[in-house]
Amino acid sequence: MKKSAVLKAAASESQYLTTAEVAERYRTAPSTVRYWKHIGYIPGAIKRGRRTLYPVAVLDQWDAEQAGGAAA
């Protein structure tokens, strides 16, 4: 694989977080993130093969909405 292809793949991967990374971000267990996805609490989960990925932009927006709701 060419170096440019590897860099593009790494850049596109950084736009998404895995379940474990989302759990680390919210300081909870991966099983809790999977439960949140199951009940529809956390938005934007997509499947890529066996992996569930969460777009960082969607999580950032969700964080802003959650913070706005708590402050009001």
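A few points on the structure. Predicted model, so just to flag it, every value in this text is computed and none were measured.

## A short note on the overall build of the protein chain
Looking only at helices and strands, the protein chain has 4 helices and 3 strands in total. Going from the N terminus to the C terminus, the protein chain shows its helices and strands as α-β-α-α-β-β-α. For the protein chain, with 72 residues in total, the buried portion stands at 18%. Entry remark: accessible area of the protein chain is about 5300 Å², with carbon and sulfur atoms responsible for 56%.

## Digging into the nonpolar core
In terms of nonpolar packing, the biggest core is built from 9 residues, these being L17, V22, A23, V33, W36, I42, Y54, L59 and W62. For this core, the secondary-structure elements that each account for two or more residues are α2 (19–25), α3 (30–39) and α4 (56–71).

## What about the sheet that holds strand β3 (residues 51–55)?
The antiparallel open sheet is built from 3 strands, whose spatial order is β1-β3-β2. Among the strands making up the open sheet, the edge pair consists of β1 (16–18) and β2 (46–48). Between one strand axis and the next, the sheet turns by 45° as a mean value, whatever way the strands run. With 3 bridges joining them, β1 and β3 adopt antiparallel strand pairing. Pairing of Y16 across the sheet is with P55, part of β3.

## So, the side chain of T19
Mapped onto the elements of the fold, T19 is located in helix α2. Residue classification places T19 among the buried positions, given a relative accessible area of 13%. Dropping the residues within four chain positions of it, T19 is found in contact with P30, V33, R34, T52 and Y54.

## As for the side chain of T52
For T52, the position within the fold is in strand β3. Here T52 is in contact with L17, T18, T19, K37, A45, I46 and K47, once residues within four sequence places are set aside.

## Some words on a nonpolar patch on the surface
On the surface, Y35, I39 and Y41 cluster together into a nonpolar patch covering about 330 Å² of accessible area. Among the secondary structure elements, I39 is positioned in helix α3. With a relative accessible area of 46%, I39 lands in the partly exposed category.

About the cut-offs
- Residue positions are counted from 1 within each chain, in the order its sequence is given.
- Where local features are concerned, this predicted model is filtered to residues with pLDDT of at least 70; where side-chain atom pairs are given and counted, the filter is 80 or more; whole-chain, interface and lining totals use all residues.
- Each side-chain value is derived from all of the structure's non-hydrogen atoms; neither hydrogens nor water enter the calculation.
- The numbering of helices and of strands both runs from the N terminus, where a helix is a DSSP run of H or I of at least 4 residues and a strand a run of E of at least 2.
- Residue exposure (1.4 Å probe, protein chains only): buried if accessible area is under 20% of the type maximum, exposed if over 50%, otherwise partly exposed.
- In this description, accessible areas are obtained by the Shrake-Rupley approach with a 1.4 Å probe, and a residue is regarded as covered only by the protein chains that are shown.
- Among buried residues, those of type Ala, Val, Leu, Ile, Met, Phe, Trp, Tyr and Cys that are joined through side-chain atoms within 4.5 Å constitute a nonpolar core.
- If DSSP finds at least two bridges between two strands, the strands pair.
- Here the axes come from fitting lines to C-alpha atoms, over the contacting stretch only for helices, and the angles between their N-to-C directions go from 0 to 180 degrees.
- Note on definitions: a residue-residue contact is assigned when non-hydrogen atoms from the two residues lie within 4.5 Å.
- Patch rule: a residue counts if its relative accessible area is over 30% and it has no salt bridge; like charges are joined within 9 Å, and nonpolar side chains (Val, Leu, Ile, Met, Phe, Trp, Tyr) within 5 Å.
- Whenever Lys or Arg places a side-chain nitrogen within 4 Å of a carboxyl oxygen from Asp or Glu, that contact is recorded as a salt bridge.

Distances and angles like these do not, on their own, reveal function.
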